[in-house]
Amino acid sequence: MTSLYIRNIAANLIGNLIIVLLNMVTPLEFLKGWLSFLSGGGWVVIPIFIITACIIITTLQYLIQRPISRYLTCLEHAEKIQKSFELKAGRRLLNLPALLGLANLCLWLFLDIIFTPVMYALLNMTLISLFYNFFRILMIGLIASFISFFLIDDFVRGKMVPILFPEGQLAATSGRWRISILRRIRVLFGVGTHAPMVLLCVTVAFAIWELDEAVVTTAQFSRDIITFSGSVFIIFIIMSLSLNFLVAKSILRPIDDMIGIARNVRKGHFDQKVRVVSNDELGVMGAGMNAMTDGLIERDRLRRGLY
């Protein structure tokens, strides 16, 4: 369970790191005052804010994962487990990536609503900086929730589903959220294209809004926009490729497994099973192949008995 906490906290730290890096190259004049505030000792606000957010999200994660932790503890001590509790733990595990993603998003939205007005009052922020700060903290939540979903989903598939579902009957679990392959691809597409486009367009809009109050040459403004656009491109390319690797692994590995099983069945070997670790289309296909091999084994047994 420790790995789940590490992955979720890492997702939030990555979200903060991305926004901090983008803030350093954002073409907005009021950020210079913010950088001066940080260099003058105000930098302690950032780690306090991030640590507070991590403590809150870890507490929420503990509450969300509690049925799974209790179930694993019962398994470790060989205690008797009620069927209803086993169903609850299995359902919570299958929904865990989406639940933690939503928890991250809701947490940062809550902190945004609380933190931004406080900073506006303490630092005498302008109206532009108020809206900008609200937007960037919201983007931290969106990025962190996306990354958390894929990191947690990868760990759940590889390490925890085989423990709670040794027979692979994921589809039989009631109350599960079925996230199809198409939806996962759409989420990945949104992370790689929609998020940087929104960041770029909104930031340029703020920069144009600020031009009414600041004197900036056309050449300097153009250089700042190009620098910011290139930074957004590089950061989100790296992030998208990393998430694409996780999604590709979650799709290709079950397909390779089923291809290997199909080859063995063609040779007359029916004793191997597909490793079902998801409740999407591939999980349904894997469960169907396992049922097919069970039927072939039974038919072969009847044929041998008849002879």
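Residues numbered from 1 in each chain as written. Predicted model: local features only at pLDDT ≥ 70, side-chain atom pairs only at ≥ 80, totals over all residues. Heavy atoms only, no water.

Trainee: In this structure, what is going on with the overall build of the protein? I would like to understand it.
Mentor: Counting its secondary structure elements, the protein contains eight helices and zero strands. In the protein, the succession of α and β elements from N to C terminus is α-α-α-α-α-α-α-α. In summary, the protein has a C-alpha radius of gyration of 25 Å against a globular reference of 19 Å for 307 residues, an excess of more than 25%. Summarising its shape, the C-alpha atoms of the protein cover approximately 95 × 40 × 25 Å along the three principal directions. In the protein, the share of contacts with a sequence separation of at least 24, taken over all contacts with a separation of at least 6, comes to 83%. Here the protein displays about 17000 Å² of accessible surface, and carbon together with sulfur accounts for 67% of that area. (Helix = DSSP H or I, 4+ residues; strand = E, 2+ residues; numbered from the N terminus. Rg over C-alpha atoms; globule rule 2.2 N^0.38 Å. Contact = heavy atoms within 4.5 Å. Areas by Shrake-Rupley, 256 points an atom, 1.4 Å probe, with all protein chains shown as cover.)

Trainee: What is the right way to read the packing of aromatic side chains from this model?
Mentor: Aromatic ring pairs are described here by two measures, namely the spacing of the ring centres and the angle between the planes. Throughout the structure, instances matching the rule amount to two aromatic pairs. With a centroid separation of 6.4 Å and 45 degrees between ring planes, the pair formed by tyrosine 71 and phenylalanine 85 is classed as tilted. Note that tyrosine 71 is positioned in helix 3 (residues 45–76) and phenylalanine 85 in helix 4 (residues 83–122), a separation of 14 residues in sequence. According to the relative accessible area criterion, tyrosine 71 is buried, its value standing at 5%. By relative accessible area, which is 16% here, phenylalanine 85 ends up buried. (Phe/Tyr/Trp six-rings, centres within 6.5 Å; stacked < 30°, edge-to-face > 60°. Buried < 20%, exposed > 50% of the residue type's maximum accessible area, 1.4 Å probe, protein only.)

Trainee: Help me understand a nonpolar patch on the surface in this model?
Mentor: Among the surface-exposed residues, Leu109, Phe110, Ile113, Ile114 and Phe134 lie close enough to one another that they form a single nonpolar patch of about 450 Å² accessible area. Tracing the sequence through the fold places phenylalanine 110 in helix 4. (Patch = residues over 30% accessible without salt bridge, like charges linked within 9 Å, V, L, I, M, F, W, Y side chains within 5 Å. Salt bridge = Lys/Arg side-chain N within 4 Å of Asp/Glu carboxyl O.)

Trainee: I would appreciate a short explanation of the packing of helix 1 (residues 2–24) against helix 3 in the present structure.
Mentor: Axes are the key here: two packed helices are described by the angle between their axes and the distance separating the axes. One can describe the packing of helix 1 onto helix 3 by two numbers: an axis separation of 10 Å at closest approach and a directional angle of 145 degrees. Seen from above, helix 1 lies across helix 3 with right-handed handedness. For the pair helix 1 and helix 3, the contacting residues are Leu4, Tyr5, Asn8, Ile9, Asn12, Leu13 and Asn16 in the first and Ile50, Cys54, Ile57, Thr58, Gln61, Tyr62 and Gln65 in the second. (Axes fitted to C-alpha atoms, helices over the stretch in contact; angles between N-to-C directions. Left-handed = near helix turned anticlockwise from the far one by under 90°.)

Trainee: Even after reading the chapter, I still don't get helix 7 (residues 218–266), so can you show me in this structure?
Mentor: Structural remark: α-helix, 3.6 residues per turn; residues separated by three or four positions point the same way. The terminal C-alpha atoms of helix 7 lie 69 Å apart, and with 49 residues this matches the ideal 72 Å at 1.5 Å per residue to within 8%. Just past helix 7, the residue glycine 268 takes up positive phi, approximately 95 degrees. (Expected span 1.5 Å × (residues − 1).)

Trainee: Can you walk me through helix 5 (residues 127–164) in this structure?
Mentor: With 38 residues, helix 5 should reach 56 Å at 1.5 Å per residue; the first-to-last C-alpha distance of 51 Å fits that figure. Bending of helix 5 peaks at approximately 45 degrees at the position of arginine 157. Here helix 5 lies mainly inside the structure; 28 of its 38 residues are buried. (Bend = angle between axes of the 7 residues up to and from the residue.)

Trainee: Explain the nonpolar core to me, please; I cannot follow it from the model alone.
Mentor: When a protein is soluble and globular, its nonpolar side chains tend to lie buried together. In this structure, Leu22, Leu93, Leu96, Trp108, Phe236 and Met239 are the most contacted members of the largest nonpolar core, which totals 67 residues. Only helix 1, helix 3, helix 4, helix 5, helix 6 (181–210), helix 7 and helix 8 (281–306) provide two or more residues apiece to this core. The next biggest cluster of nonpolar side chains, apart from the first, holds seven residues, and it includes Tyr132, Phe206, Phe221 and Ile225. (Core = buried A, V, L, I, M, F, W, Y, C linked by side-chain atoms within 4.5 Å.)

Trainee: I'm lost on the side chain of asparagine 104 in this one. Help?
Mentor: Along the chain, the position of asparagine 104 falls in helix 4. By relative accessible area, which is 0% here, asparagine 104 ends up buried. For asparagine 104, the side chain forms a polar contact with the side chain of asparagine 12, separated by 3.2 Å. Residues in contact with asparagine 104, not counting those within four places in the same chain, are Asn8, Asn12, Ile57, Ala144, Ser145 and Ser148. (Polar contact = N/O pair within 3.5 Å; in protein donor to acceptor, adjacent residues only side chain to side chain.)

Trainee: Can you help me understand the side chain of asparagine 8 in this one?
Mentor: With respect to the helices and strands, asparagine 8 occurs in helix 1. Since its relative accessible area comes to 0%, asparagine 8 is described here as buried. Engagement of the side chain of asparagine 8 in a polar contact is seen with the side chain of serine 148, the distance being 2.7 Å. Excluding its chain neighbours within four sequence positions, the residues that come into contact with asparagine 8 are Ile57, Gln61, Leu100, Asn104, Ser148 and Ile152.

Trainee: Help me out: how do you make sense of the environment of phenylalanine 131 in this one?
Mentor: Here phenylalanine 131 shows up in helix 5. Phenylalanine 131 sits eleven residues away from tyrosine 120 along the chain, and the two C-alpha atoms are 9.9 Å apart. The residues touching phenylalanine 131, leaving out its near neighbours within four places in the chain, are Phe206 and Trp209.

Trainee: When you look at the confidence of the model for the protein in this model, what are you seeing that I'm missing?
Mentor: Should the pLDDT be low somewhere, the predicted coordinates at that spot are not to be read in detail. When pLDDT is averaged across the protein, the result is 82; 92% of the residues are at 70 or more. Within the protein, the element-level pLDDT minimum falls on helix 2 (residues 30–39), averaging 64, and the maximum on helix 1, averaging 88. (pLDDT = per-residue confidence, 0-100.)

Trainee: Quick question: what am I supposed to make of the pattern of salt bridges here?
Mentor: Per the stated rule, a full pass over the model turns up five salt bridges. Residue arginine 157 is joined to aspartate 153 by a salt bridge in which the shortest nitrogen-to-oxygen separation is 2.8 Å. Taken together, the residues arginine 157 and aspartate 153, both in helix 5 and four residues apart, mark about one turn of the helix. On the basis of relative accessibility, which here comes to 10%, the residue arginine 157 falls in the buried class.

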